[in-house]
Structure formats: C-alpha cells, structure tokens
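Fold and contact review
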Amino acid sequence: MSITFNYASAGLREGELEKARPVIEAAYNTLKNKTGAGSEMLGWMDLCDTYDKEEFERIKAAARKIKDQSEVLVAIGIGGSYLGARAGLEFSKGPFYNQLPNKDGVEVYFAGNNISSDYISYLFDIIGDRDFSVNVISKSGTTTEPAVAFRLFRARLEEKYGTDGARERIYVTTDANKGAMLGLAKEMGYERFVVPDATGGRFSCLTAVGLLPMAAGGMDIDEVYRGLTDATRRYENDDMMTNDTTLYAAMRYIMMTKGKCVEILADYNPSLTMFGEWYKQLMAESEGKEFKGVFPTAAHFSTDLHSIGQFIQDGARLFFETVLWVDQANAEVTLPDDPANTDGLNFASGKSLQYMNEKAMNGTLLAHVDGGVPNLIIKVDKLSDYTFGELVYFFWKALGISGYALGVNPFDQPGVEAYKNNMFALLGKPGYEAARDDLEARLAKV
C-alpha cells in the first residue's frame, strides 16, 4: 500500500472509537448501498470501471495534439473545474513545472478562477507570442468567472490564428446534453469532452475535467487511473478497523463530537500546496451545511510554523491536525559541510534535507500534541501520478462516509449560489432587476 493512516496521536479516550463505530459503519453502508441523499452523484465511486474508455483515449490524443501545436495550455475553470488538475500537476511535477526545461508536456496555466484584470494581463504577458491552446471547463458555460476568461482568450486565439485556426486549439469540457457551452461547441466545431452527470465538480478531477490539462502537462493518466483503481479496490472493505478511509472518517467524527470544529491539513512539501486547496473545497462544500461541519484549512510547514505556528501551539483549542507526509523525496539533496561552521549547522552536515524535514515533522508533531492538539497522520510513500490517483480516491471515500455520519448531503452545495445571485443583480443581469436597488441601498450603508 502506498498510503497509510495513523491515529496514535489523536488523544482518544478508551471506548471512543467503539462508541463511534455504529454511526460510521451505518454511514459507510449508506454510501456503499447508495441509499443516502445525493446518491445520484456517486459516479466517482466506480469511475475506474465505468469511465468512457473511448473518451479516455481521445483525451490522450488531444493532449498529444496540444503538445505538438502549442507551448502553453490555458485551462479555464473555477472550483472543481481547475483545483484538481492544478493539484495533480504540482503533486506530480512539482511547483516549478512550468519553468522546467525538457519537460514532458506544455506549460499549463489556469484562468477563469477569478475576475482580476491584472491576473489576465499577466497571463497574456507570460504567453506572449508563443503558440497556445485553450481548454475551457464549464458544465453550463454561463458561470461568470470562466465565461469572462473564455471570451477573452477565445478573442485572443481568433485574432492570432483566425476562426478556423482557433477552432483547432479550443477544447471544451462541458455537459453532454445541454447548456450554453455545449451549444457553442457544436456551432463552432470545437472538440468536446464530457463532465459526467453523476460526478459533481469536486469529484470530477479524474474525468476529462482534470485529465486533459494533466495529460497535456506531462502526467501519465494511465498511471493516475492505476492508482485510482487500486484505491477503489482497497477501500471496499466494510470493517471500520481495517479500512483507512473509514478510520479517518471516524476520527473526524470523533473530533467533531469533542468540539474540534477546524481541521488543519498540514504538509511538509510545497508540491502539496495546491492539494491543500483541493482538499479545502472537497471538505467545505461537502460538509458545510445546516450549520454543521468541520472547517477545513491547510498549513504548509515548516513555512507556516513561523506564522500561524504560535496559534497552533498556544491558541484556542478549536482544531485538530491531519499531517499529510511524503516518505520518500523524489530528489536527494544533502547538506554540505562548512569548515567555518558560520551558521552552526555542521551538526547536520552530510544529512539529507528529507531526513531533516522528517525530524522537523516529528518534532512539530510532538510539540503540538503536548500543546493539546490531536494529530492524525496520512503517509504517502512518494509523489507520483500513481499516488495522486490513490490519494484523491482516499479523500473522496473518507469524505462521503464523514458527510453521512454528520447527517448532511455531502454531494450538493446550495450555499454557493447566494454570492452569484447578488453579483448578477449588481451587474445588471436581466431577470435580477428587482434585487438590484435593495442591494445597492444596503451597500451604501456599509
């Protein structure tokens, strides 16, 4: 197994795990039997068996075409339409993958996840005169942030290559049967891929939503799916004590019952920074309902030990930590000796940075536990395409169990519509006129 889970530092009292067992195993069976709220959105559970094999091969062919035609791919999407792909590329290729020489894929940049004119301008500058392609990922085609970005980049492509040339460089990932984006793609003849109906946004990164940008960026999506498949088989076990996804869900449930309302996903590798962002959306949109849920956040150590570390050590005891640790570094770097020992580090001369990082992790773990912070540990043997597929499924499965144990529908997100409706009214979108005056009057008082 490439992933292991350890809860020895969770500070459990005798009997707590057994007390949680009936709730957790009932939640597991609700998920397994697809009898809970949102069960129509469980396509991710057997994705390794049911994903369209013909589309999978078309994704690989499109990635090869992008590599042949372009130096840059702009992936346009927001939320689950971009977080997974970006997390995967940084997980597998590292945080500097766009700048690496002799890389396996094109540079991949992400747009449509904000409405910043500065960001778009910087991205235009980065692309410059180089050849580029666009993958727009939107189930409807009318979500404001990606729609704005696609309009801008489509215009840039058509200006550079003409309408026919742009057609060969635009790839659309959208609904199979309806929506403005589907209509445009059909009209213009853009190559299309599908956002599956039964796989919601935050569970979609191992469909065309994430696979095309990842493949174009140089990831081996066959390896990603091998990891996904192995994890799917491994976590079918319904015994709580021998299924790590169920145990992790149980720990989160126990922490909630003890008033630990914040979970910090702590990593020690900058390649995991975007994975932390992906985790935040997965947990927050799934569980943050009906005034329930654990608030998910991420910390990047040892960097954040010099910022929020003081609060973690000595602040209000509101949270628990889940440490995401990578056992093996992909590159070995050793600290050289300094005859003058100017920095006082000669005690560590000859030691690898991975070894030093591990001691930082262990020292932090002990300090935080001593400070009253329960700690859970998820270990991955190394960062690779394979382990990305595994880890994504690990969190998906654990979240499904955890959400049902909490008593919410983990597969909808009704709360994200409120800001959109207000924004549409303030922008003057037809149909929202009635709310506009009231909102502007309220803003005048702010």
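Everything here concerns the structure above.
Our subject in this report is the structure included herewith.

Rules behind the numbers
Within every chain, residues take consecutive numbers counted from 1 along the sequence as written. Residues qualify for local features only when their pLDDT is at least 70, as the model is predicted, and side-chain atom pairs are given and counted only at 80 or more; totals for whole chains, interfaces and linings, by contrast, use all residues. Derived side-chain values reflect all non-hydrogen atoms in the structure, with water molecules and hydrogen atoms excluded from consideration. Any two strands between which DSSP finds at least two bridges are classified as paired. Helix numbering and strand numbering both begin at the N terminus, where a helix is a DSSP run of H or I of at least 4 residues and a strand a DSSP run of E of at least 2. Note on method: axes are straight lines fitted to C-alpha atoms, helices fitted across the in-contact stretch only, with angles between N-to-C directions ranging 0 to 180 degrees. In the sections that follow, a salt bridge refers to a side-chain nitrogen of Lys or Arg positioned within 4 Å of a carboxyl oxygen of Asp or Glu. Residue exposure (1.4 Å probe, protein chains only): buried if accessible area is under 20% of the type maximum, exposed if over 50%, otherwise partly exposed. Polar contacts, as used here, are pairs of N or O atoms within 3.5 Å; protein pairs need one atom able to donate a hydrogen and one able to accept it. Residues neighboring in sequence count only if both atoms are side-chain atoms. Only heavy atoms enter the contact rule, under which two residues are in contact if any of them lie within 4.5 Å.

The next point concerns the sheet that holds strand S2 (residues 72-76). Overall, parallel pairing links the five strands, which are arranged S3-S2-S4-S5-S6 in an open sheet. Two strands bound the open sheet, and with one partner strand each, they are strand S3 (107-111) and strand S6 (191-194). The mean inter-strand angle of the sheet, taken between neighbouring strand axes irrespective of direction, is 20°. Relative to strand S4 (residues 132-137), S2 is paired through five bridges, and the arrangement is parallel.

Moving on, we get to the pattern of salt bridges. Overall, the coordinates contain 29 salt bridges when judged by the stated rule. Here Lys60 ties to Asp222 by a salt bridge, and the two come within 3.0 Å at their closest N and O atoms. Remark: Asp222 occurs in helix H9 (residues 221-234) and Lys60 occurs in helix H3 (residues 53-69); sequence separation between them is 162 residues. Lys60 sits in the buried class, given a relative accessible area of 17%. One network of salt bridges, in which partners are shared, links Glu18, Arg21, Glu25 and Asp239.

Let us look at the side chain of Thr173. Along the chain, Thr173 turns up in strand S5 (residues 170-174). For Thr173, a relative accessible area of 0% translates into the label buried. Here Asn135 takes part through its side chain, which lies 3.2 Å from a polar atom of the side chain of Thr173. In contact with Thr173, other than residues within four places in its own chain, are Asn135, Val136, Ile137, Ser138, Phe193, Val194, Val195, Ala208 and Val209.

That is the geometry; function is a separate question.
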